[in-house]
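Reading the structure
Spelled out, the chains give:
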Amino acid sequence: MSVVRSVVTGVGGYLPDEVVTNSDLAKFVDTSDEWIVERTGIRTRHRAAPDQAVSDLAAPAAERALRAAGRTAADVDLIIVATTTPDLTFPAVATIVQRKIGAPVGIAFDVQAVCSGFVYALSVADGFVARGRSRCCLVIGAETMTRLMDWEDRGTCVLFGDGAGAVVLEPGEGAGNTEDRGLLGFALRADGGKQDLLYVDGGVSTDGRIGHLRMQGNQVFRHAVVNISEAVEAAAADAGVPVASVDWFVPHQANQRILDGVAKRLGIDPAKVISTVAEHANTSAASIPLAMDQGIRDGRIKPGQLLLLEAMGGGLTWGACVVRL
Ligand code: ACO
């Protein structure tokens, strides 16, 4: 049976120039390189310049993804940006990116699911591309998480960084089996009852502030491994593939210990996990496409391979996606 799949035809990433080391942070907050590396695996993170908005990270990532796909901005008819740190309260970052890359009038909007945003956005995009409503779609994860930090809270400010990653999705005909290229399966979850574990303590309709990220780290950690593992198994079942057949796990990069915990629980060979957490830290919705970009550029991830993407973030939200490149 012939089916239309949403096929990833290009991937791109962008990291701002400034690199902040753990030792840089230890100059003004009571922490150490040793503590951060041991508890998280993070060594450095990138930070956007004061005059860089999130759209300034998203636009070059989008342009690189388009180049990789052999497309130009003129081809783009749908832009979805997953972000929790928009330039402005409105318009959507997606419309600002549309203007900055010079894409024509089309559809553009943002998705807000914090660190799970990229997986959620892929699922939303699939609804357009696989149903013939988009011929060339950009799905972008872009964040300036450093703008949400309380720089006196050592339990959070050492964990996050800035960056953007993007994929181009185009319709492709498949045979309706697991050998098809494209997005093959999803599992998306949310539990609003766990808001207190991870949230920002300000907002437009409450106190009018941007606010700071607040987190009960050890509680988030406790839920992460169990929740992510369940979603991974559900997405694999949705796609009809065994978890063991996946070539590469491309997780949201929150903490090396979470990545290791999920791999252990699911019996995944750690050598199959793409990890960028040491260099990028947690870039929220940007971390999965940035890790995909890294794995493709360094030659590990190859066309035709099966990837499993997964994430968990504020909400709590979490989810996973199976994609064949
Ligand atoms: N440097 C030194 N000491 C620190 C630091 C720091 N940066 N941060 C916390 N500590 C101290 C605490 O104050 C505490 O000290 P105390 O015992 O004297 O009170 C001690 O370290 C232990 O604190 P815990 O919070 O229990 O430390 P834990 O081992 O849980 O590690 C961490 C904290 C790294 C945040 C961990 O809980 C974690 O990674 N949780 C998951 C968080 C996460 O990944 N969130 C993002 C996922 S969702 C998303 O991406 C938005």
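Preceding this paragraph is the structure being described.
A brief report on the enclosed structure follows. (Residues numbered from 1 in each chain as written. Predicted model: local features only at pLDDT ≥ 70, side-chain atom pairs only at ≥ 80, totals over all residues. Heavy atoms only, no water.)

1. Remarks on the overall build of the protein
When its secondary structure is counted, the protein shows 10 helices and 13 strands. Against the 2.2 N^0.38 benchmark of 20 Å for 325 residues, the protein shows a C-alpha radius of gyration of 18 Å, consistent with a compact globule. In terms of principal-axis extent, the alpha carbons of the protein reach across some 60 × 45 × 40 Å. Excluding contacts between residues fewer than 6 apart, the proportion of contacts in the protein whose partners are at least 24 apart in sequence is 76%. Measuring between centres, the 30 positive side-chain charges of the protein sit 2 Å from its 38 negative side-chain charges. (Helix = DSSP H or I, 4+ residues; strand = E, 2+ residues; numbered from the N terminus. Rg over C-alpha atoms; globule rule 2.2 N^0.38 Å. Contact = heavy atoms within 4.5 Å. Lys, Arg positive; Asp, Glu negative; His and termini not counted. Charge placed at Lys NZ, Arg CZ, Asp CG, Glu CD.)

2. A short note on the site of the ligand
Close to the ligand lie 24 residues; Thr31, Arg39, Cys115, Asn255 and Asn282 are nearest. At 2.6 Å, a side-chain N or O of Thr31 approaches a nitrogen atom of the ligand. At a separation of 2.5 Å, an oxygen atom of the ligand approaches a polar side-chain atom of Arg39. Taking 1000 Å² as the accessible area of the ligand by itself, protein coverage stands at 74%. For the shell around the ligand, the secondary-structure elements that each account for two or more residues are helix H2 (33–40), helix H6 (154–157), helix H7 (217–239), helix H8 (256–266) and strand S12 (306–313). If you tally residues by element for the shell around the ligand, the top one is H7, at four residues. (Near = heavy atom within 4 Å. Polar contact = N/O pair within 3.5 Å; in protein donor to acceptor, adjacent residues only side chain to side chain. Areas by Shrake-Rupley, 256 points an atom, 1.4 Å probe, with all protein chains shown as cover.)

3. A word on helix H4 (residues 93–101)
When we look at burial in H4, the residues that qualify are Val93, Ala94, Ile96, Val97, Gln98 and Ile101. Buried-residue contacts for H4 involve helix H3 (54–69), strand S4 (78–82), strand S5 (107–111) and strand S6 (137–144). Just beyond H4, the residue with positive phi is Gly102, at close to 80°. (Buried < 20%, exposed > 50% of the residue type's maximum accessible area, 1.4 Å probe, protein only.)

4. Focus: the packing of H7 against H8
Running from amino to carboxyl end, H7 crosses H8 at an angle of 45°, the nearest separation of the two axes being 9 Å. Judged by the inter-axis angle, H7 sits oblique to H8. By crossing handedness, the relation of H7 to H8 is classed as right-handed. Across the interface between the two elements, Phe221, Ala224, Val225, Val226, Ile228, Ser229, Val232 and Glu233 of H7 pack against Arg257, Ile258, Gly261, Val262, Arg265 and Leu266 of H8. Tallied by class, the residues present in the contact of H7 with H8 amount to nine nonpolar, two polar and three charged. (Axes fitted to C-alpha atoms, helices over the stretch in contact; angles between N-to-C directions. Parallel < 35°, antiparallel > 145°, perpendicular 65-115°, else oblique. Left-handed = near helix turned anticlockwise from the far one by under 90°. Nonpolar A, V, L, I, M, F, W, Y, C, P; charged D, E, K, R; others polar.)

5. Observations regarding the sheet that holds strand S13 (residues 317–324)
With mixed pairing, four strands are arranged side by side in an open sheet as S8-S13-S12-S11. Of all strands in the sheet, those bounded by a partner on one side alone are strand S8 (182–190) and strand S11 (248–251). With direction set aside, neighbouring strand axes in the sheet form an average angle of 15°. Relative to S12, S11 runs parallel, the two sharing four bridges. Directly across from Trp248, in S12, lies its bridge partner Leu307. (Pairing = 2+ DSSP bridges.)

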